[in-house]
Amino acid sequence: MTRACTGAPSYDCIVIGGGHNGLVCAAYLARSGRSVLVLEAASQVGGAAITREFAPGFKVSACAHLLHLMPGSLIRDLDLEARGLRLAATHMPSTAIAPDSPPLPIDARDAALLAARSAADAAALPAYRARLRRLAEALYPVLDTAPPRLGTDSWQDRSAWLRIGWRIRRLGRRDMRELLRIGGMCVQDLLDEHFETPLLKGALGFDAVLGTSAGPRSPGSVFPLLYRMAAEVQGGSALAQPVGGLGALSDSLARAALAAGAAIRTGATVERIMVRDDRAAGVILTDGEQISAANVISNADPKTTFLQLLGGEYLDTGFVRRIAHLRARGVTAKLHLALNRLPQFTGLAPDALVGRLLLAPSLDYVERAFNHAKYGEFSPAPIVEITVPTVNDASLAPAGRHVLSAVVQYAPYELAGGWQHERARFAELVIDALERCAPGLRHSVEALELLSPPDIEREFRISGGHWHHAELALDQFFIVRPVPGAAQYCTPIGGLYLCGAGSHPGGGVMGIAGRNAARALMREAA
Amino acid sequence: MVSGGSGRHDAIIVGAGHNGLVAACYLARAGLDVLVLERNPYIGGAAVSRRLYDGFTYSNCSYVCSLLRTEIIRELDLPGYGLQIIPYEGGCTMMRDGGHLALYDNHDALRREIARHSKRDAESYERYLRDMLRQCRFIKPLLLREPPDPTSFKPRDIMELLYLGKHFHRLGEQRMYDTVRFWTMSCADFLDEYFESEIVKAHLAGSSIIGTALGPRSPGTAYVLLHHYMGNIDGAVGAWGFARGGMGAVTQALAASFQASGGSIRSGAPVDRILVRNGRASGVVLDNGEELQARIVVSNLDVRRTFLEIMDANDLPPEFVSQVRNFKIRGSSGKLNIALDGLPHFPAIPHGSPSIRGDLHVTDSIEMLERAYDDWKEGRWSRAPYIDMLMPSQIDPTLAPAGKHYMSVFVQYCPYKLADGAWDAAKRQAFGRTVIDTIAEHSPDFKDLILHAEIRTPWDLENEVGLTEGNIFQGELTFDQLLFNRPIPGYAQYRAPVRGMYMCGSSTHPGGGVMGAPGANAAGAILRDLGRAH
C-alpha cells in the first residue's frame, strides 16, 4: 500500500464515521468555516443511532432506543428541530416490573403507589432524587469540557481544575462531603442507605449498571448514575423518543452538518489513516481511493482507530499497551420483537407503556445476573429495559401491530460456547422472562431479532460491541478516558483526533464528545 | 499486669489493641498521665499470642508482621522492649494440577520461577515491581499524616490539601494518571496489564482481597493490593515476617514501652459507657459501675462500637449517628489455628524449597478467587476458599514443642451473617472441615497430623476481640471509606463530635493491618490540640 500523498490537502477535516458524535463534530467544524468530509461505511448515517427495518414493515431504533442525554444547548446550536427532529414522547415514565409483584412506578411524581408499599421509601425518594440532582448539576460542566491535563504548567489546565474545584465547593459542605463519599461507592450501598423496597432498589440500581460490566455491588457503580443524571439535567426533556426513532435524530444531525457546508459520503469504508511526517494526512478507503486532509477525526472506537486504522507502528509501545488493555467488551444485547398486538403486562396501568419498563426485581437479582458475565456466561435471569416505541409512534409498525425494543444484560461479548450457537437460546430465555410479566406475549411474536455484542460489533463496527466504545468506569473516565495521552481528544499523532464515545464523557447518544472534539481541534488550530 | 490508680487521668484509652497502645505510648512520652482499659483479661486486641493447646502458642488473630511502621518501631524503641521480627523468604501457590509457583526473596530465583510459567511475565514482573514501588513511595508519606477536610477553610486543612496536591504533582504527568487509574482499578484488570499466566495473577491477587468484602474483579481492589504490599517493600527493616513469640510480642513490646514511660494498663476492665458532661468527654464508667475521670477519652474500638454501643446517642449529633450506622464493616474472614504433630508434606512444593517456610496458597486462578467471593455474597462460606497458610514454628521454635508445628490459616471468604441462620457449633465445625479438606487436597498426611484446631468465624472474632462483624480492618477499605472519608466525612481527623474525645482504631485513616499509624496519628492530633508539639 502506498502512503505517498502529494499536493494540498483536499479537506481541512475528514471525520471517520457518521455516528451521532461524528455528525455533531462535523457540523461544528463546518460552522467554523472548515471544509469537512464525513465518511460513513454503512449505507446510512447514524452509527448506533439508526432506525431500520428488522422484520417486514417493522422498524426499530436498532441500538440506542432512547434520547435523554443530549444537551439542550447542542440541540439548539444545531437547530435540530428546524432540521426535522420531533419528539414523539418526552419525560417518559419508568416503571419497575417483576413476575411476582405488581408494577411500581419509580418516578418521584408517582409517589402514591410507592407509599402503599413503603411509606418510608415514598418519603425518602424525593429527597434522594433532589440530592443526586444537585450533585449531578455540579458535575455537568465536567462533562461539557475537554478534560484538563494533570501536572502541567499551563494556565488553562490550572484554571480548569480550579473551576471544577470551585463548582464542587459551591455545593456547600454537606453536599460536597456526600459527593466525595458516594462518588466511588457501589450503588447497592447507596440504595440500602435510603430505601427498603427491593423492587424500587432493583430498578434504581438498574440505571447505574446499564451498559457497563458492573453489578450493583461493584465499587464505583454510583458514578455512572450521577453521570447519567448530569447529562439528563441539561437535556431538559428527560427520557424522550424521537418521531421515527433514533435514526431521525441522526438524519437531523446530518442535515445540520450539510447545511453548515460539510460533505457526507456513505458506503465509504476507511481502511487506513495516512501519516506523513508524523502527522495524519488523510485516509485510504477500502477501494484504494486516497483522500488527503489536514486533520482526521475518528468517530470510531479507540481500538479500531489506533490498532486498525492507524497501526501500532506509529505509536510508542506504552501507548499501544494502554489501548490494547482498554476494557471495551460489551455485556449488553438488544432484543427486537415484532408483535401482532399490544403486550399486556400484568397489573400495569395502560398509560405506563408510553415509558420504559425495568425488569430488575431486586439488587440481589441484578448482582446474580452480573455474576455470570464474569465467567463468560449470559445471565439465566437477565435484567431488561423494555420500551414499546409503537405506543408513541405508530409509524414504526403496520397498523395495529407493535414493536418491543429491549436492552438486555448481561450478555458478555466473549461467550463460552459462542454466540453463533447460543443466540437463539438467549433470545428464548429473554422472551420467557418477559412472558412471566406479560402472559401471552410469546404468542404475539411474529418476528424477532437479537443483537449480541458480536452482532453489534459487526453491524456498527464497534470493537468489542460495547455501547460506550469503552467501559464506563472510574479508571476509564475523564482525564484517563480512553487512555492517558489521548484524553483531550487529540492523540500522539498530530492532526489525528478522537470524537467518539470512547472519549470523554462517553456514549449514550449525548453528542458531547463530538462537540468537545470539534472545540479541541479549533483551539489547537487557533 | 500493672494496675492503674484511680482519680483523674489526663487521658483514658478504651481498648488495648495495638493502635490504642501506640497512641498511649506517644501520649505518655509527651508527659500525660495515661490509663489504658482493656475488656479482656489479656491485652493486645487482635495482636495476641494465646496458649490454647498444650505447648503451642497461637497468633490466633493477626498472624504476620509487615505493616507496622518503621517510624513507630524506632520511636517507641520496640526492639529494646523485646520485639523481634524474623523475615520469611517467600511463599508458594500450589495448583490443582500438582504444579506450583514459588515466590523467593532472591530476585534472580524469583525471575527464573516466573519464567517457568511465562517468559513474558518474568519480564513484566520487573515493570510490575517498579510500578508498585512507585505507588508505595507515593502513599507511604501519607500514612502518618492526618487527612485534611476538603470542605474546610481552616489553615491546617488548606495547608494539608496543598501538601497533598504538591506531593501528587511531584509524580509528574504520566505517573499522576497511572496513580488515578491504580486507585480506581480492580486488581484483576490491573494484573491483566502485566501478566498472562493465571497462576502468577492468582498468587499476586490474593493480597488484594484479604479482609475485604470484595472480589478481585471489584474496582478499588488494586489499592488494597498496595495496602498489603507496603510491608513487602520496606526492605530489611519491617519486611514481611513473624514476630518472635507470636503477634502478642508486638503488643507486649508496646505495653512495656508504655509502662516504661509511666503509663498504666488495666485489663479485665470493660467500659460500659463514655461519659459526656457539658458537651465534653469527662471519663468512663466500667461495667462494675466504677467511674474513672479523664480530660481526654480515646477509643480504640471501631466506630460502630464506640458511638452506638458505649456512647449515648443523645450526646452526639443525630446526622453523625446515622452516618455511623451506615459505616460499612463487613465480616468476610475466618481463621483456623492448628497444632500439628509434625510438618505436613506438600507434594507440590519441591523438597528443600524455602517456600514451605513462607505463605502457602491453593487458589490458582482469578476466577476461583472471584467465585469464592460470589459464595460470600450469597451468605455462605466459600466452597473453595482462599487461604493464607503459614507454619511459623519452622522459624520460631518458641511456638511449638520440638518436632511439632503451629499452622495459622487465614480464610477468605467467610460471612458474618449466614443465609441459613445464625452461626452455631455445627456450622463452625462444617466451616472448619471445608478449610481442612481444602488443605488436605494438597497434603495427603495433613489430616493425620492435626492435634488440635481452633476454628474462628467472623462471629467468634467479633465476640472475642470486639471487632464488629469480625472485620479485621474495622471497616471496609473502599473509596467511600478511605482518606478524608474514613471513618465519616468531616470526622477523619481523629476527633469525635464531642470535645475531648478521639478515635484511634483502624476505623480511622489509614485503616487496618498491624500498622499502628492510626494510633500514632490520633496521638498527634491530641497533642496538637493540647498545644504540645508531637
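Description of the structure in this document. Throughout this document, residue positions are counted from 1 along each chain, in the order its sequence is written. Here every chain gets a letter starting at A, and every ligand a number starting at 1, in the order they are written. In view of the model being predicted, local features appear only for residues whose pLDDT reaches at least 70, and side-chain atom pairs are presented and counted only at 80 or more, with totals across whole chains, interfaces and linings using the full set of residues.

Here we come to the interface of chain A and chain B. Counting from both sides, the interface comprises 30 residues of chain A and, opposite them, 32 residues of chain B. Within the residue set of the side of chain A that touches chain B, elements represented by two or more residues are helix H6 (173–182), helix H7 (187–194) and helix H13 (363–374) of chain A. Each helix is a run of H or I in the DSSP string that is no shorter than four residues. Each strand is a run of E no shorter than two, and both are numbered from the N terminus. For the side of chain A that touches chain B, the element with the highest residue contribution is H6 of chain A, accounting for six residues. A class-by-class count of the residues in the side of chain A that touches chain B yields twelve nonpolar, seven polar and eleven charged. Contact between residues is assigned whenever the C-beta positions, reconstructed from backbone atoms, fall within 7 Å. Each residue is assigned to one class: nonpolar for Ala, Val, Leu, Ile, Met, Phe, Trp, Tyr, Cys and Pro, charged for Asp, Glu, Lys and Arg, and polar for all the others, Gly among them.

So, on to unusual backbone geometry. Residues and elements named next belong to chain B. That bond from arginine 486 to proline 487 is cis: its omega, -5 degrees, falls within 30 degrees of zero. As for its position among the elements, proline 487 is in the loop between helix H16 (458–465) and strand E18 (501–503). Residues histidine 509 and proline 510 are joined by a peptide bond in cis, for which omega reads 0 degrees.

Along the chain, glycine 490 of chain B falls in the loop between H16 and E18. Counting along the chain gives 342 residues from glycine 490 of chain B to proline 148 of chain B, while the straight-line C-alpha distance between them is 8.9 Å. Here glycine 490 of chain B is in contact with Arg177 of chain A together with Asp149 of chain B, once residues within four sequence places are set aside.

What follows concerns the sheet that holds strand E15 (residues 383–387) of chain A. All names here are of chain A. Two strands pair under a simple rule: DSSP has to find at least two bridges between them. Strand order in the open sheet formed by seven strands is E7-E6-E14-E15-E16-E13-E17, with mixed pairing between adjacent strands. Each edge of the sheet is formed by a strand with only one pairing partner; in this case those strands are strand E7 (101–105) and strand E17 (445–451). Between one strand and the next, the sheet's axes are offset by a mean angle of 20 degrees, whatever the strand orientation. As paired strands, strand E6 (residues 94–98) and E7 are joined by three bridges and run antiparallel to one another. Of the residues in E7, the one forming a bridge with threonine 95 is proline 105. Lying on the sheet, helix H14 (residues 419–437) is in contact with E6, strand E13 (332–339), strand E14 (356–359), E15, strand E16 (402–409) and E17; it crosses E17 at an angle near 125 degrees. Every angle, taken between N-to-C directions, lies between 0 and 180 degrees, and every axis is a line fitted to C-alpha atoms, over only the stretch in contact when it is a helix.

A general feature of soluble globular proteins is that nonpolar side chains tend to end up buried together. What we call a nonpolar core is a set of buried Ala, Val, Leu, Ile, Met, Phe, Trp, Tyr and Cys residues whose membership is set by joining through C-beta atoms within 7 Å. Burial in this document is a count-based property: other C-beta atoms within 10 Å of a residue's C-beta are tallied, and the residue is buried at 20 or more, exposed at 12 or fewer, or partly exposed in between, with C-beta positions derived from the backbone. Core analysis: the largest hydrophobic core is formed by 342 residues, its most contacted members being Ile14, Ala26, Ala27, Ala257 and Ala517 of chain A together with Val250 and Tyr502 of chain B. With ten residues, helix H4 (residues 119–144) of chain A is the single largest residue contributor to this core. Not counting chain neighbours up to four residues away, the residues in contact with alanine 517 of chain A comprise Cys25, Ile297, Tyr489, Tyr497, Leu498, Cys499 and Ser503 of chain A.

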